[in-house]
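Below are the chains, spelled out letter by letter.
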Amino acid sequence: MRILLVEDDMDLAQGLQLALREQGFTVNQVSLGQQALASIRSQDCDAVVLDLGLPDIDGLDVLKITRQKYAKLPVLVLTARDGVDDRIRGLDLGADDYLVKPFAMSELFARLRVIERRLGTASSHLIRLQNVELDASAHQVAVDGAVLSLSRREYMLLKVLMESAGRIKTREQLEASLYAWGEEVASNALEVHISNLRKKLPKDFIKTVRGVGYSVSPA
Ligand code: CA
């Protein structure tokens, strides 16, 4: 799931970004409300984590404008401890959920998993195909019960493929789910990750669809 993180406190933003990526989310972070609206307009996120206290425009206005144009885009609001009125207004304006600062990372992850499940980008915590089992809550993949050692990107790539088992994922789709906006993408990075994954997985688990992309069998 691609998350747009709108947060102007750079320490918090960086910590959140790192933690969310470790959890397998793709994260794009912006500090200004105007940047958030631009990113939302380009429709390259699946959910928004929105701080209300932004330097340029009020986060509640970002929420309001977003709701008018993209009624279904999930927005999780971050509010300051004393912002009770903001919280109520935020929910009135259509925020899907809110967290009061300071919050536990685990709480944020849990709320985002609820959104992810609702969107259907993660159908369940466990996906089992043949003798390969992916546990999305533990971020682990096991073959015949033995846990594999995977890099973050290898895990994310395999997760995308297993979630859409039986369907072909194009190179572009896989790259888009792997990399946050603006990150440098080496032209052969995808092939390298696929090749590394194949060394750890059963033979022919990931199939190449020549000139198009990759797929895994649904059973
Ligand atoms: Ca702020």
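Residues numbered from 1 in each chain as written. Predicted model: local features only at pLDDT ≥ 70, side-chain atom pairs only at ≥ 80, totals over all residues. Heavy atoms only, no water.

## Side note on the pairing of strand β2 (residues 26-30)
Within β2, 5 of the 5 residues are buried, leaving the element largely enclosed by the surrounding structure. Examined bridge by bridge, strand β1 (residues 2-6) and β2 share 5 bridges and lie parallel to one another. Looking across to β2, one finds that Leu5 is bridged to Gln29. (Buried < 20%, exposed > 50% of the residue type's maximum accessible area, 1.4 Å probe, protein only. Helix = DSSP H or I, 4+ residues; strand = E, 2+ residues; numbered from the N terminus. Pairing = 2+ DSSP bridges.)

## Considerations on unusual backbone geometry
Of note, the amide linkage connecting Lys101 to Pro102 takes the cis form, showing an omega dihedral of -5 degrees. Among the secondary structure elements, Pro102 is positioned in the loop between β5 (97-100) and α5 (105-119). Positive phi outside glycine occurs at Gln130, with the angle close to 50 degrees. Tracing the backbone through its elements, the reader meets Gln130 in the loop between β6 (126-129) and β7 (132-135).

## Digging into a negative patch on the surface
Taken together, the side chains of Asp58, Asp61, Asp85 and Asp86 present a region of like negative charge at the surface. With relative accessibility at 36%, the residue Asp58 sits in the partly exposed group. (Patch = residues over 30% accessible without salt bridge, like charges linked within 9 Å, V, L, I, M, F, W, Y side chains within 5 Å. Areas by Shrake-Rupley, 256 points an atom, 1.4 Å probe, with all protein chains shown as cover. Salt bridge = Lys/Arg side-chain N within 4 Å of Asp/Glu carboxyl O. Lys, Arg positive; Asp, Glu negative; His and termini not counted. Charge placed at Lys NZ, Arg CZ, Asp CG, Glu CD.)

## Focus: the coordination of the calcium ion
Each protein donor to the calcium ion is listed here as Asp8 (OD), Asp51 (OD) and Gly53 (O); together their distances run 2.2 to 2.3 Å. Between consecutive donors of the calcium ion, the numbers of intervening residues give the motif D-x42-D-x1-G. Taking relative accessible area as the criterion, Asp51 reaches 6% and is therefore assigned buried. A relative accessible area of 46% places Gly53 in the partly exposed class. (Donors = N, O, S within 2.8 Å, 3.2 Å for Na, K, Ca; no water.)

## Here we look at the sheet that holds strand β11 (residues 206-209)
Taken together, 3 strands build an open sheet; the order of strands is β10-β12-β11 and the sheet is antiparallel. At either margin of the open sheet sits one strand with a lone partner, and together these are β10 (169-170) and β11. Note that β10 and strand β12 (residues 213-216) share 2 bridges and pair antiparallel. Residue Thr170 lies in a different strand from β12, and its bridge partner there is Gly213. Sheet strands touched by helix α6 (residues 152-163): β10, β11 and β12. Its angle to β12, the strand with the most contacts, is close to 65 degrees. (Contact = heavy atoms within 4.5 Å. Axes fitted to C-alpha atoms, helices over the stretch in contact; angles between N-to-C directions.)

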